[in-house]
Amino acid sequence: MGSNSSRIGDLPKNEYLKKLSGTESVSENDPFWNQLLSFSFPAPTSSTELKLLEEATISVCRSLVENNPRTGNLGALIKVFLSRTKELKLSAECQNHIFIWQTHNALFIICCLLKVFICEMSEEELQLHFTYEEKSPGNYSSDSEDLLEELLCCLMQLITDIPLLDITYEISVEAISTMVVFLSCQLFHKEVLRQSISHKYLMRGPCLPYTSKLVKTLLYNFIRQEKPPPPGAHVFPQQSDGGGLLYGLASGVATGLWTVFTLGGVGSKAAASPELSSPLANQSLLLLLVLANLTDASDVPNPYRQAIMSFKNTQGYSDTHCLQMWLSVPVTCAFTNSDSSPFPSSIPHAFQINFNSLYTALCEQQTSDQATLLLYTLLHQNSNIRTYMLARTDMENLVLPILEILYHVEERNSHHVYMALIILLILTEDDGFNRSIHEVILKNITWYSERVLTEISLGSLLILVVIRTIQYNMTRTRDKYLHTNCLAALANMSAQFRSLHQYAAQRIISYTCRHLRRYVYVLDKLYFPHSHCSTLQHCFSTLSDNGEELLSLTCSHILRSYASSLFSLLSKKHNKVLEQATQSLRGSLSSNDVPLPDYAQDLNVIEEVIRMMLEIINSCLTNSLHHNPNLVYALLYKRDLFEQFRTHPSFQDIMQNIDLVITFFSSRLLQAGAELSVERVLEIIKQGVVALPKDRLKKFPELKFKYVEEEQPEEFFIPYVWSLVYNSAVGLYWNPQAIQLFTMDSD
């Protein structure tokens, strides 16, 4: 550090850093600080260089940890930074590059030191280093300043109040990064922190009034996606201030924020990623998610979550019928940070923001985990945002990126897929959404590769992608929650299915048939422990009236033609049979037993999927039969398999309507003769829909599922958010071996 450019490897030997971390106290008014803060060195360009920077910082920090209780140099450095920030706004207005550059360098050093301090010591020890107060002779006052609290308040002021210009871009990013580092103590604890210094400082005291302004600023940083100034945009000529100090702020200044660092992903191997267009937006979003997912304090709720839950639209329109009118109105001051309208005291930390700008940014940024998590957070927690989005007439701009995430499930981490799916589930809770998506016609969906889709409704595409996701999950990940939520989204939509694309209708039926066949196959392969009957006929002959002895059977070859007879048999003691059969599957095997294959353990899951798919088909037939001739066509094409399940005790009730539709339309097709073309069959179906008495279809309760977070959602979200910080934060590196919050996969 100092007036000359430095290399990372030279930092431990740097004379200025040695003095900072040494045994000599340095007054905050000492010229040393100007020398220390006048540095530049080539920016780190890889995770290896970031690691080198971390290692170099650790050696300086450990020396400072040892000596700071006597020297107070850390406090002096922070006081230097705090005094400079008081003039930062004026310096930005006056284009004082040198002052801003030095102030940034001070914050960069503080951030590096703080990061290592948090990793190396307890919170109690950390606070002692930040509450040191040098006492002059004869001064017996016990008062001490809490510099950590002052620093946090100063950072919040800097983020919210300093105008974003080319010369302030870098220090704005550094301020946000330092706040992320302050909160990073969670990384080094296995359990979710419910009482910490973050709760002490951020949820009460002088930092609390900045809550809404900070959340609003971070949201606007995300909305604007402001790119960094080009390299070399403000390179200074060498100058002298009388002390011989050279100020050479080159394009590669200390933090290297114009260079994007690709770190290894949590839960996945390190992979190359495209360069971030806006480090400020990325860092702001990560900090916002960290703040939003802090646990409530013992006596107060998380104010940052309250702010996210309650903010409103600057446009001031709440009636959905006004939406189209004001969507076209130009916004000339979309990014003001002033809260123009008062809110009732019952809504703490409320503010206003431009929903149209936020919606646009969310649509454009869904390629990243953190943007999808923000969308989920807003939809789930802020009813104003949810109402606004559901009233949009261009929902395809939001839904298509979500569908693309699900479509490329193999390339995404499981959390990203799960968040995308929950977003769809929340959207499908609204009947208006379920109707409108079938009215939006899309052309040439290039990323869908299974089949060329030259023209398809958004609703039909959604069905195709969700079914594909279920299929992938059932064959690969086998996550029960994933397929349950997929089926719930389809069920919510089913009553409003309209004009289903022939391929979507075919996939609904073929996916159901796949599980029907699999169900019969699993029953064929089940092992019951007591008997060794080799034929189905023997099974029937050994069965008593109450069906108990079915538990002692071994059905070695159940042919498909026997399925209906078997299901009729099962109805005598179905629940007990399945319960005890499942227990036998999960029971321990003796050393002589052949281990059961995976599919045999899936019987209950398969039955749940079949039941739900049949309910989805039934809901569509009952509520919108006349709108879906392609679904009836696909059902008739596979009628033989469905007919076998009409007597199954688990599906008998739901099969009534399906069987009625199959019987009715099969009769009409039979009357029309043989060798019918596809067009002729569809014509007969459309005519038959009018003739089918609707009162013959049995009414079932409407299929409606609502997403509800599980108890203690922080156990999922906090590790997830911090994994995103670890993986995506710009210019921040943590030693993976020190992280305890989540498990690191090896490269």
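Residues numbered from 1 in each chain as written. Predicted model: local features only at pLDDT ≥ 70, side-chain atom pairs only at ≥ 80, totals over all residues. Heavy atoms only, no water.

**Q** How should the packing of aromatic side chains be read in this particular structure?
**A** For any pair of aromatic rings, the description consists of the separation of the ring centres together with the inter-plane angle of the planes. Counted by the stated rule, this structure contains 21 aromatic pairs. Aromatic side chains phenylalanine 39 and phenylalanine 108 sit 6.3 Å apart centroid to centroid with 45° between the ring planes, which places their arrangement in the tilted category. Of this pair, phenylalanine 39 sits in the loop between α2 (32-36) and α3 (47-71) while phenylalanine 108 is found in helix α6 (residues 97-120), placing the two residues 69 residues apart along the sequence. Of the two residues, phenylalanine 39 and phenylalanine 108, both sit in the buried class. Relative to phenylalanine 651, the ring of tyrosine 519 lies with its centre 6.1 Å away and its plane at 65°, an arrangement referred to as edge-to-face. A residue pair is termed long-range when its members are at least 10 positions apart, and tyrosine 519 in helix α23 (residues 502-525) and phenylalanine 651 in the loop between α29 (639-643) and α30 (652-672) qualify at 132 residues. Of the two residues, tyrosine 519 and phenylalanine 651, both sit in the buried class. Counting every residue linked through ring pairs, the aromatic cluster contains Tyr376, Tyr418, Tyr707, Phe716, Phe717 and Tyr720. Against the face of phenylalanine 99 rests arginine 84, its NZ or CZ located 4.9 Å from the ring centre. Taking NZ or CZ as reference, arginine 468 lies 4.1 Å from the ring centre of tyrosine 407, over its face. (Phe/Tyr/Trp six-rings, centres within 6.5 Å; stacked < 30°, edge-to-face > 60°. Helix = DSSP H or I, 4+ residues; strand = E, 2+ residues; numbered from the N terminus. Buried < 20%, exposed > 50% of the residue type's maximum accessible area, 1.4 Å probe, protein only. Lys NZ or Arg CZ within 6 Å of the ring centre and 35° of its normal.)

**Q** Please clarify how the nonpolar core should be interpreted in this entry.
**A** The tendency in soluble globular proteins is for nonpolar side chains to be buried side by side. By size, the foremost hydrophobic cluster in this structure holds 230 residues, and its most contacted members are Phe81, Tyr448, Leu461, Phe642, Trp722 and Trp734. For this core, the leading source of residues is α6, giving 14 residues. Not counting residues up to four positions away in its chain, the partners in contact with tryptophan 722 are Val180, Leu183, Ser184, Gln186, Leu187, Val290, Leu741 and Phe742. (Core = buried A, V, L, I, M, F, W, Y, C linked by side-chain atoms within 4.5 Å. Contact = heavy atoms within 4.5 Å.)

**Q** Sorry if this is basic, but what is going on with the pattern of salt bridges here?
**A** Close approach of charged atoms allows side chains with opposite charge to pair. One pass over the full model with this rule turns up 17 salt bridges. Glutamate 54 is paired through a salt bridge with lysine 115; the nearest N and O atoms lie 2.2 Å apart. Here glutamate 54, found in helix α3, pairs with lysine 115, found in helix α6; they are 61 residues apart in sequence, far enough to count as distant. In this structure glutamate 54 comes out as buried when scored by relative accessible area, which is 9%. Using a relative accessible area of 7% as the deciding quantity, one classes lysine 115 as buried. Across the pair arginine 305 and aspartate 296 runs a salt bridge, and its minimum N-O distance is 3.0 Å. (Salt bridge = Lys/Arg side-chain N within 4 Å of Asp/Glu carboxyl O.)

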